[in-house]
Amino acid sequence: MNKASTGFYFEDFALGQVLEHAIPRTITEADTSLYLALTGSRFSLYCNQDFAQQLGYSKQPVDNFLLFQIAFGKTVNDISLNAVANLGYAEVEFIEPFFVGDTISVVSEVIGLKENSNGKTGIVYVHSKAVNQEGYQVLSWKRWVMVNKRQEGMHNTFAVEPQLNSMVPLGSVSIPQQLSITSYDTRLSGENYRLNDYKVGEWIDHIDGLTIDHAEHTIATKLYQNNAKVHFNQHQMASGKHQQRLVYGGHIISLCRTISHNGLANAQWLAAINGGSHLNPSFAGDTIYAATQVLQCQELGAGVGALRLRTLGYKNSSWNELKPQYDKALAEKSRLPSNFVLDLDYTVLIPV
Amino acid sequence: MNKASTGFYFEDFALGQVLEHAIPRTITEADTSLYLALTGSRFSLYCNQDFAQQLGYSKQPVDNFLLFQIAFGKTVNDISLNAVANLGYAEVEFIEPFFVGDTISVVSEVIGLKENSNGKTGIVYVHSKAVNQEGYQVLSWKRWVMVNKRQEGMHNTFAVEPQLNSMVPLGSVSIPQQLSITSYDTRLSGENYRLNDYKVGEWIDHIDGLTIDHAEHTIATKLYQNNAKVHFNQHQMASGKHQQRLVYGGHIISLCRTISHNGLANAQWLAAINGGSHLNPSFAGDTIYAATQVLQCQELGAGVGALRLRTLGYKNSSWNELKPQYDKALAEKSRLPSNFVLDLDYTVLIPV
Amino acid sequence: MNKASTGFYFEDFALGQVLEHAIPRTITEADTSLYLALTGSRFSLYCNQDFAQQLGYSKQPVDNFLLFQIAFGKTVNDISLNAVANLGYAEVEFIEPFFVGDTISVVSEVIGLKENSNGKTGIVYVHSKAVNQEGYQVLSWKRWVMVNKRQEGMHNTFAVEPQLNSMVPLGSVSIPQQLSITSYDTRLSGENYRLNDYKVGEWIDHIDGLTIDHAEHTIATKLYQNNAKVHFNQHQMASGKHQQRLVYGGHIISLCRTISHNGLANAQWLAAINGGSHLNPSFAGDTIYAATQVLQCQELGAGVGALRLRTLGYKNSSWNELKPQYDKALAEKSRLPSNFVLDLDYTVLIPV
């Protein structure tokens, strides 16, 4: 018997099964600098200690996008090592700020299972919770993923699909206890726009494009200790459908977040991801762009506002070219063109 | 109105205009390790705590080359997002040592403006000053950059070209107050050469070559939060003159500095950049080399010496091949061949 | 006279010669995070502070694989700048744990010299010792390397070949004084296998493959301040045998270690490298795999066990394909096929 694991297949999951993911991780200051260097993030809260302290934090918190990548990475070995595709996220809630030196552990529960009619794959739904070293829950999310079967054929399990909320209501997102936004200085953050400058329905073309290179996306994905084979093994991928490695979808999320700084520089705090899906794969050499539509705006009190945003990531094209295609696809309820790679519905905190 | 900014064009600048650059940055120990890893720097002052303490520093200071890259990066969004070319630097003075945990803020003043006769571009001269979180000035520099016009045509502004000093006099460069060079140990630094071993006019062929790769230069440039489009957007650059991304000129400066360790290992402290220009663009795949001519040598007292150096960066060639071409171009006052990418005139402190 | 050094040639070495390597290095937390990001390491002892403390360490120690890379890097400028090939390692002993903030210095003694009959090269044997800032020896190793001669021809030196032990006896490897393995938690480390689950002769196919990219291996090698030209200079390498840069062999060791986590997740502590050789060069684009044979198992007391392992690194192939070729080569005492890149015999500590 070979001691190396080939990962779980669809048959290995059972409803209600609890997976304590191994290799809890202490997040270092260096992890946060590396994240900045790999993504090019320019949000002030994560790179300026004085700015963080003006907002009531003792020091810069860990960017929730980085926290999500590392927490997600913990679950890969048990859940998605044999995944065909990450189908979606829902109810991603950031509950407590996480700081350098804290250690994250993740546990997942299987909350849904559904065979696909092709007999080759099934869908696994999990609810994952991340806690810090003191046991406080810092992050909770649900995702569903298409997993290969060990053996082809229908297994006649009951299909259980969980009810997933389409969003975390704006009024119930967690506001960091220490957050004191009244002294927020837009000269430091880079833009003047506050909550009430955004209008529901408004689109922001973030303009800037970032080209992905191989070592960049693989170093980022290794930083997250995400060991999914599709990102790392060219020898194996060469004989597959795309004949090349796929860029980790989470890296696309982070690049779109970086790009969104141009127009959303004050949307400092990720409070929730209401839903997300990776529409098409990305490859090294692709140039990623993003455009965002404002879905909701709400004052939460004490100067804090919440913006619900829909950011579309796309590649190798301009928003001017793609917007009409997007509108047409929406009107016809047809599929978006293959330039679209990400559809992310999320909620950020922003000063009023 | 799209909320994302397209950056300033020539018409947006006015003489005397003051630009407070956003996103002050706390420099972390990790930023310094990343700089070492991305450039391969081997200067002892920045990687050996004991060595730094022997020289009077409480701990390793931040390498002034890294400090310059980050400070420069702060100015890009306001000054050179639509730049055609960085034309030059002058009077770059490093005033106070900068340490890990310090936060840098940068302000620039427009000190010169000049339209080009083609009606498409103009030259913007700025004086930038960087301060730490206590308001002490740590760095001051001037640069001029060719910026696109929003609208073609002559605007008939008065041309104002500032008088720029050709150098910071060797006797007036800042010597770090804590610097105590008498116990300098050349066994630790890697070479025996001290101030008086260098002769004015002497050339050093630094021999070693470093090939640039895509993810390396883009990660370095993102580390500096420099968001100039030309380094990152292959989709856009593909239709331009070079059909590919350009390597950030500052990365070339850092690579030449690394390469110069072989022959200048004791030139630990960058005191000033007297002038610099990027002679030709570099691309991923280019191999960078450097050769240095000693321009001036001066004892500053207390065992500290200053060397004024001219480092030429060139690519894909050897100094043996290029030196005759360099001499010929100098004699004929003609343009240097396109292998030359950098001409940097700078002053370093070195033990006597 | 050019001040830049071209490195030592075979003629520059003398038996008994002591080389104090320059540029001692303070290892930072960031170096350890970078190592994780560049290699994808998932061993818990190095990324989980709580786990490290449960094992008796005050905090995460520096991974001995990283320590070896940095210590090795210190010796390159004096020993292997003009090396044709790293021929082998022996008696690599890790004596004391090394922690973030410690500074490493390395001294080597020439213990053997032997001319090759071609008159062009010779073999240099060195014994290198690394100490921390308090003078405690942390690491000791021997290696031999083929070095170019400055001038072709036989020099008629006496050939001195040192007696090298084929291994560090399992019973005499250093056990970190603080190590308290009784509370070892396999749920955190990712696998259940302890010493007695491994059988002598057993093979582990580690399954996972990691494709090497240019910026990844060059950034890693620069992190180690290893300045061997063959890894960095495409302009020069283009006209050589392989027409491209070679991946630093140490990076292959680290990648194989990462890959070996799948099946050896509890082999946390590298105690010794008994012998190692780089069988063939690796290049960017190669996908690295590994398989391990268990050579010896021994209880050392206090719940600590030692496993002597032989890890074979190979590229662009599967173990199923290569195992028969390996067995055939072993039976026929013939050369392994060129897919094999590494043969590493080493001893790790693992809970009983």
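For the structure itself, consult the block above.
Overview of the structure.

The rules behind these values
Residues numbered from 1 in each chain as written. Chains lettered and ligands numbered in written order. Predicted model: local features only at pLDDT ≥ 70, side-chain atom pairs only at ≥ 80, totals over all residues. Heavy atoms only, no water. Least-squares fit on C-alpha atoms with pLDDT ≥ 70 in both. Contact = heavy atoms within 4.5 Å. Buried < 20%, exposed > 50% of the residue type's maximum accessible area, 1.4 Å probe, protein only. Helix = DSSP H or I, 4+ residues; strand = E, 2+ residues; numbered from the N terminus. Pairing = 2+ DSSP bridges. Buried area = accessible area lost by both parts, 1.4 Å probe. Salt bridge = Lys/Arg side-chain N within 4 Å of Asp/Glu carboxyl O. Polar contact = N/O pair within 3.5 Å; in protein donor to acceptor, adjacent residues only side chain to side chain. 1 Å grid on protein atoms, 1.4 Å probe; cavity = no way out; pocket = protein on both sides within 12 Å on 5 of 7 lines; lining within 4 Å. Points joined across faces, edges and corners; volume = space filled by probe spheres on them. Nonpolar A, V, L, I, M, F, W, Y, C, P; charged D, E, K, R; others polar. Axes fitted to C-alpha atoms, helices over the stretch in contact; angles between N-to-C directions. Parallel < 35°, antiparallel > 145°, perpendicular 65-115°, else oblique. Left-handed = near helix turned anticlockwise from the far one by under 90°.

## Notes on the relation of the copies chain C and chain A
And step 1. Under the fitted operation, chain C is carried onto chain A by 0.0 Å of movement along the axis and a turn of 120°, and the coordinates agree to an RMSD of 0.0 Å. Expressed as a symmetry operation, the mapping of one chain copy onto the other fits a three-fold axis. When C-alpha positions in chain C are compared against the rotation axis, the closest is assigned to Ala 30 of chain C, at 2.7 Å.
And step 2. Residue by residue, only 11% of the interface of chain C is reproduced at the interface of chain A, so the copies engage with different surfaces.

## Focus on the relation of the copies chain C and chain B
And step 1. You can overlay chain C on chain B at an RMSD of 0.0 Å; the transform is a turn of 120° with a shift of 0.0 Å along its axis.
And step 2. With a heterologous cut-off of 20% or less, the 14% of interface residues of chain C that recur at the interface of chain B puts this contact in the heterologous class.

## Thoughts on the pairing of strand S9 (residues 269-278) of chain C
Residue and element names in this part refer to chain C.
And step 1. Within S9, eight of the ten residues are buried, which leaves the element mostly enclosed by the surrounding structure.
And step 2. Relative to S9, strand S3 (residues 83-94) runs antiparallel, the two being bridged by four bridges. Across the sheet, residue Val 92 finds its bridge partner in S9, namely Ile 273.
And step 3. One ladder, built from eight bridges, connects S9 with strand S12 (residues 340-351); its direction is antiparallel.

## Topic: the interface of chain C and chain B
And step 1. Tallying the contact residues gives 35 residues for chain C and 46 residues for chain B.
And step 2. Buried surface at the junction of chain C and chain B, summed over both partners, amounts to about 3,100 Å²; 53% is from carbon and sulfur atoms.
And step 3. If you sort the residues of chain C by the area they bury against chain B, Lys 3, Ile 23 and Lys 222 of chain C come out on top, with a joint share of 24%.
And step 4. Counting every contact that joins chain C to chain B gives four salt bridges.
And step 5. Of the charged contacts in the structure, one is a salt bridge between Asp 213 of chain B and Arg 245 of chain C, with a shortest N-O distance of 2.9 Å.
And step 6. The tally of links from chain C across to chain B stands at 20 residue pairs in polar contact (both at pLDDT 80 or more).
And step 7. Contributions of two or more residues to the side of chain C that touches chain B are made by strand S2 (25-26), helix H1 (29-39), helix H5 (214-223) and helix H6 (234-237) of chain C.
And step 8. Broken down by element, the residue count for the side of chain C that touches chain B peaks at six residues, all from H5 of chain C.

## Quick look at helix H5 (residues 214-223) of chain A
Since the α-helix packs 3.6 residues into each turn, any two residues three or four apart lie on the same face.
All names here are of chain A.
And step 1. With nine of ten residues buried, H5 is to be regarded as a mostly interior element.
And step 2. Looking only at H5, the buried set comprises Ala 215, Glu 216, His 217, Thr 218, Ile 219, Ala 220, Thr 221, Lys 222 and Leu 223.
And step 3. Trailing H5 by a residue or two, Gln 225 shows a phi angle of about 55°, which is positive.

## Remarks on the interface of chain C and chain A
And step 1. Taken together, the contacts link 46 residues of chain C with 35 residues of chain A.
And step 2. Interface of chain C and chain A: buried area, both sides summed, is about 3,100 Å²; carbon and sulfur atoms make up 53% of it.
And step 3. If you sort the residues of chain C by the area they bury against chain A, Ala 37, Arg 42 and Asp 213 of chain C come out on top, with a joint share of 18%.
And step 4. Our count for the contact surface shared by chain C and chain A stands at four salt bridges.
And step 5. Of the charged contacts in the structure, one is a salt bridge between Glu 216 of chain C and Lys 222 of chain A, with a shortest N-O distance of 3.7 Å.
And step 6. Taken together, the links from chain C to chain A amount to 20 residue pairs in polar contact (both at pLDDT 80 or more).

## Side note on empty space enclosed by the protein
And step 1. Taken as a whole and assessed by the stated rule, the structure comprises ten cavities of 30 Å³ or more.
And step 2. Lining of the largest cavity is provided by 16 residues; of these, Arg 42, Asp 208, Leu 210 and Thr 258 of chain A together with Asn 227 of chain B occupy positions nearest its centre.
And step 3. Class assignment for the residues of the lining of the largest cavity results in three nonpolar, nine polar and four charged.
And step 4. Counted as a void, the second largest cavity has a volume near 70 Å³.
And step 5. Every residue lining the second largest cavity is listed: Leu 45, Leu 55, Tyr 57, Leu 179, Ile 181, Tyr 184, Asn 266, Gln 268, Trp 269, Leu 349, Ile 350 and Pro 351 of chain B.
And step 6. The greatest single-element share of the lining of the second largest cavity, amounting to three residues, is contributed by strand S12 (residues 340-351) of chain B.

## Focus on the packing of helix H1 (residues 29-39) of chain A against H1 of chain C
And step 1. Closest axis-to-axis distance for the H1 of chain A/H1 of chain C pair is 8 Å, and the angle between their directions is 55°. Considered as vectors, H1 of chain A and H1 of chain C are oriented oblique to each other. Read as a crossing pair, H1 of chain A and H1 of chain C show a hand that is right-handed. Residue-level contacts link Glu 29, Ala 30, Asp 31 and Leu 34 of chain A of H1 of chain A to Glu 29, Ala 30, Ser 33, Leu 34 and Ala 37 of chain C of H1 of chain C.
And step 2. For the contact of H1 of chain A with H1 of chain C, the class distribution of residues is five nonpolar, one polar and three charged.

## As for unusual backbone geometry
Glycine aside, residues mostly have negative phi angles, and peptide bonds mostly take the trans form.
And step 1. Unlike most non-glycine residues, Glu 91 of chain A shows phi in positive territory, near 50°.
And step 2. Looking at the secondary structure, you find Glu 91 of chain A in strand S3 (residues 83-94).
And step 3. You can call Glu 91 of chain A buried: its relative accessible area is 11%.
And step 4. Residue Lys 333 of chain C is not a glycine yet carries a positive backbone phi of 50°.
And step 5. Mapped onto the elements of the fold, Lys 333 of chain C is located in the loop between helix H9 (319-332) and S12.

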